[in-house]
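This is what each chain is made of:
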Amino acid sequence: MYLWPLDEEAVKADVAAAIKAEADGMDEFFAELLSDTKFEEPEEVEINGFKFSNISGTAKFKDGGADASVSVTFFATAENKLFAMVTIATPDTEKANEEDLGGIVNSIKNPSQK
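What you see is a predicted model; the values in this text were computed from it and never measured.

Q: What is the right way to read the packing of aromatic side chains from this model?
A: For any two aromatic rings, the description comes down to two numbers: the centre-to-centre distance and the angle of the planes. Overall, the coordinates contain five aromatic pairs when judged by the stated rule. Seen from their ring centres, Phe30 and Phe39 are 5.9 Å apart, and the 40° between their planes marks the pair as tilted. The exposure class assigned to Phe30 is buried, which follows from its relative accessible area of 5%. Grouping aromatic residues by their ring pairs yields a cluster made of Tyr2, Phe29, Phe30 and Phe39.

Printed below as a string of structure tokens:
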């Protein structure tokens, strides 16, 4: 799992453009590791008061050709800081760690909420 903040100035200027630029950059990242990447339609969910935009898909690892599950998630904090989170794993590894991954996402909380 990878998690990082998007450039604050880019987000302030245009949120949609900042997300698109980050997603375009991910194409290069994925191309180094994966082949045959196919994404589903984005889905929006709300967890702990945060809106998450998630795009899931499948691919093949270039090294060895194993199946891969890919997830790209964007979410914003109450302070309008935008983050990207990416997970890449084999389907078996993803299933074996599903509870832990869900726990990580569910641990993201708004500091103003008790």
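Q: What am I meant to see in the pattern of salt bridges here?
A: Opposite charge on two side chains allows them to pair when their charged atoms are near. Counted by the stated rule, this structure contains four salt bridges. Between Lys12 and Glu9 there is a salt bridge, and its shortest N-O distance comes to 3.9 Å. Of the two residues, Lys12 and Glu9 are both situated in helix α1 (residues 8-13); the distance of three residues between them amounts to about one turn of the helix. On the basis of relative accessibility, which here comes to 61%, the residue Lys12 falls in the exposed class.

Q: Please explain unusual backbone geometry as it appears in this structure.
A: Phi is positive for Asp36, which is not a glycine, with a value near 55°. Relative accessible area serves as the criterion here: at 51%, Asp36 is assigned to the exposed category.

Q: Would you explain the pairing of strand β3 (residues 43-47) in this entry?
A: The two faces of the sheet receive side chains in turn, since in a regular strand these alternate between them. Sheet topology note: the β3/strand β4 (residues 50-61) ladder contains five bridges and is antiparallel. Residue pairing across strands places Glu43 opposite Asn54, the latter belonging to β4. A loop of two residues connects β3 with β4, the two strands running antiparallel in sequence, and Asn48 in this loop sits at a positive phi of about 55°.

Q: How should I be thinking about the nonpolar core in this particular structure?
A: One recurring pattern in soluble globular proteins is that nonpolar side chains are buried together. Leu6, Met26, Phe30 and Leu34 are the most contacted members of the largest nonpolar core, which has 15 residues in total. Once residues within four sequence positions are removed from consideration, Leu34 is found in contact with Ala59, Lys60, Phe61, Lys62, Ala68, Val70 and Ile88. In this structure, Phe52, Phe75, Phe83 and Val105 belong to the second largest nonpolar core, which totals eight residues.

The rules behind each value
- Residues numbered from 1 in each chain as written.
- Predicted model: local features only at pLDDT ≥ 70, side-chain atom pairs only at ≥ 80, totals over all residues.
- Heavy atoms only, no water.
- Phe/Tyr/Trp six-rings, centres within 6.5 Å; stacked < 30°, edge-to-face > 60°.
- Buried < 20%, exposed > 50% of the residue type's maximum accessible area, 1.4 Å probe, protein only.
- Salt bridge = Lys/Arg side-chain N within 4 Å of Asp/Glu carboxyl O.
- Helix = DSSP H or I, 4+ residues; strand = E, 2+ residues; numbered from the N terminus.
- Pairing = 2+ DSSP bridges.
- Core = buried A, V, L, I, M, F, W, Y, C linked by side-chain atoms within 4.5 Å.
- Contact = heavy atoms within 4.5 Å.

Read these as layout, nothing more, since geometry by itself doesn't imply function.
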